[in-house]
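If you want the building blocks of each chain, they are given just below.
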Amino acid sequence: MKTSNPVLARLGQAAERERAAGYAQPGPYGQPGYPQQYAPYQQQYPTGTGYPAAPPTVTPMTLDDVVVKTVMLLGLLGASAAAAWVLVPDALVGVTWIGAAVVGLALGLIISFSRMANPALVVAYSVVEGVFVGMVSKAFESLYDGIVLQAVVATFGVFFLMAVIYKARIIRATPKFARIMISVMVGLFAVMLINLVLALFGVNTHLRDGSPLAIGFSLVCIVVASLSFVLNFHEIEEGVRMGLPQRYSWIAAFGIVVGLVWLYLEILRLLSYFQGDD
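Analysis parameters
- Residue indices begin from 1 for each chain and proceed along its sequence in written order.
- The predicted nature of this model means local features are confined to residues of pLDDT at least 70 and side-chain atom pairs, given and counted, to a pLDDT of 80 or more, with totals for whole chains, interfaces and linings taken over all residues.
- Side-chain measures here rest on the full set of heavy atoms in the structure, leaving out hydrogens and waters.
- Each helix is a run of DSSP H or I of at least 4 residues and each strand a run of E of at least 2, with the numbering of both proceeding from the N terminus.
- To sort residues, take the accessible area from a 1.4 Å probe on protein chains only and compare it with the maximum for the residue type: under 20% means buried, over 50% means exposed, and anything in between is partly exposed.
- Contacts are assigned to residue pairs that have any heavy atoms within 4.5 Å of one another.
- Residue exposure ignores everything except the shown protein chains as possible cover, and the areas themselves are Shrake-Rupley values with a 1.4 Å probe.
- Think of a salt bridge as a Lys or Arg side-chain nitrogen and an Asp or Glu carboxyl oxygen that are within 4 Å of each other.
- Here a Phe, Tyr or Trp ring, Trp counted by its six-membered ring, pairs with any other such ring whose centre lies within 6.5 Å, and the pair is stacked when the planes are under 30 degrees apart, edge-to-face when over 60, and tilted otherwise.
- Either the NZ atom of lysine or the CZ atom of arginine qualifies as a charge over a ring when it sits within 6 Å of the ring centre and within 35 degrees of the ring normal.
- UniProt positions are given in the numbering used here, feature names are shortened, and annotations may be inferred rather than shown by experiment.
- Side-chain atoms alone can form a polar contact between residues adjacent in sequence; in general such a contact is a pair of N or O atoms within 3.5 Å, and within protein one must be able to donate a hydrogen while the other accepts it.
- pLDDT gives the predictor's per-residue confidence on a scale running from 0 to 100.
- For the purposes of this section, nonpolar cores are sets of buried Ala, Val, Leu, Ile, Met, Phe, Trp, Tyr and Cys residues that join through side-chain atoms within 4.5 Å.
- Patch definition: residues above 30% relative accessible area lacking any salt bridge, with like charges linked at up to 9 Å and the nonpolar side chains Val, Leu, Ile, Met, Phe, Trp and Tyr linked at up to 5 Å.
- A positive count includes Lys and Arg, and a negative count includes Asp and Glu. His and the chain ends are not counted in either.

Student: Explanation requested: the overall build of the chain in the structure shown.
Tutor: Along the chain, the regular secondary structure elements total nine helices and zero strands. The helix and strand sequence of the chain, counted from the amino end, reads α-α-α-α-α-α-α-α-α. Within the chain, buried positions represent 41% of all 278 residues. Contacts in the chain between residues at least 24 apart in sequence constitute 77% of all its contacts with a sequence separation of at least 6. For the chain, the exposed area adds up to about 14700 Å²; of that, 70% sits on carbon and sulfur atoms.

Here's what the structure looks like:
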């Protein structure tokens, strides 16, 4: 399988490693096709005795695994966001916001580029990202009453709409679509990073100030974030089809959470542009 999603980019490679390590390498005790860790089974019950040669290597990932873990991660994210909203004083919102953003970015990069699915890191990311989302939401809600609820409803509305569109195959994750999406996402993140650095030096590029350019930029980000779910759904579908190990459902759920957080933040920012000054 050719992997196209940047967050789930190692799923296909993981399947190849699992098959090579778990099924393709013969050991000195067991038959070819069974992993080395089950050699004692083969030695105790050799072939032809009527006993099973070895238990299965791994439990394959299912769609239900991804759904359950996604819901769990979103629950942790929501709980930590609510706790941060209530417990962090207004005077410390900015510091907590920045700290959680830095830690969350570091964890996200480690998870994205690591070679193994690590549930502890994924859970830690959801908790830290929840603090970040909670602080951002608290700051926006203090300025615009009711904006957080609007953004949450819109975010999940878009997500479920994209799920329906993908299920109906209205949009397909073709190789050309994947290449275009990856290029656009890399470009957008590069622009956002440059804009952030320039903002630290007092340079206003008008990408985040509510101007017509800022509204257009946010709309582009929302469209791209929404379409990124098509890549996520495709990779999950392919991972289930290929029989990836169950633990890789954590990576799939992580990809969905990342997309939802990005979409929520962009919708929140866009809604703020249309709020009154009162």
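Student: Please explain the pattern of salt bridges as it appears in this structure.
Tutor: Should their charged atoms come close, side chains of opposite charge can pair. Using the criterion set out here, one finds four salt bridges in the structure. Here R241 ties to E238 by a salt bridge, and the two come within 2.6 Å at their closest N and O atoms. Taken together, the residues span about one helical turn, with R241 and E238 both in helix α8 (residues 212–242) at a distance of three residues. Taking relative accessible area as the criterion, E238 reaches 14% and is therefore assigned buried.

Student: So what exactly am I meant to see when it comes to the packing of aromatic side chains here?
Tutor: The way to describe two aromatic rings as a pair is by their centre distance and the angle between their planes. Taken as a whole, this structure holds eight aromatic pairs when the rule is applied. Look at F159 and F233: their rings are 5.7 Å apart centre to centre, the planes differ by 65°, and that puts the pair in the edge-to-face class. With F159 in helix α6 (residues 147–167) and F233 in helix α8, this residue pair connects regions lying 74 residues apart in the sequence. With respect to burial, F159 and F233 carry one shared label: buried. Positioned above the aromatic ring of Y166, the side-chain terminus of R169 is 4.7 Å from the ring centre.

Student: Is there a simple way to explain the UniProt feature "transmembrane region" (unreviewed entry) in the chain in this structure?
Tutor: Mapped onto this numbering, the UniProt entry annotates "transmembrane region" (unreviewed entry) at residues 66–88, 94–113, 120–140, 146–166, 178–201, 213–236 and 248–265. The distance from the first to the last C-alpha atom of residues 94–113 is 29 Å, and the span holds 100% helix and 0% strand.

Student: Just to check I follow, could you spell out the side chain of E141 for this structure?
Tutor: Counting through the fold element by element, E141 comes out in helix α5 (residues 119–143). Reaching out from E141, the side chain makes a polar contact with the backbone nitrogen of I147 at a distance of 3.4 Å. Setting aside chain neighbours within four positions, we find E141 in contact with W85, G146, I147 and V148.

Student: Quick question: what am I supposed to make of the confidence of the model for the chain here?
Tutor: Any segment with low pLDDT has predicted coordinates that should not be analysed in fine detail. Summing up the model confidence of the chain, the mean pLDDT is 82 and the portion of residues at 70 or higher is 77%. The model gives residues 1–9 a pLDDT under 50, and that stretch makes 30 contacts with residues more than four places away or in other chains. Across residues 23–55, where pLDDT falls below 50, the model places 41 contacts with residues more than four positions away in sequence or in other chains.

Student: Any chance you could explain the nonpolar core here in plain terms?
Tutor: One recurring pattern in soluble globular proteins is that nonpolar side chains are buried together. Core analysis: the biggest nonpolar cluster contains 60 residues, and L188, F229, L231, F233, I256, W262 and L268 have the highest contact counts within it. Elements with a contribution of two residues or more to this core: α3 (63–87), α4 (93–113), α5, α6, α7 (175–200), α8 and α9 (249–273). At 16 residues, the largest contribution of residues to this core is made by α9. The contact partners of L188, leaving out residues within four places of it in the chain, are F217, V220, C221, V224 and W262.

Student: Would you explain a nonpolar patch on the surface in this entry?
Tutor: On the surface, a nonpolar cluster with roughly 810 Å² of combined accessible area is contributed by L193, I194, L196, V197, L198, L200, F201 and V203. Following the sequence through the fold, L193 ends up in helix α7.

Student: What should I look at first to understand the side chain of D65 in this one?
Tutor: Structurally, D65 can be placed in helix α3. Notably, D65 is buried but unbridged: the nearest opposite-charge side chain belongs to K69, and the N-O separation is 4.6 Å. A distance of 2.9 Å separates a polar atom in the side chain of D65 from the backbone nitrogen of T62. A distance of 3.3 Å separates a polar atom in the side chain of D65 from a polar atom in the side chain of Q246. Leave out the neighbours within four places in its chain, and D65 touches P60, Q246 and S249.

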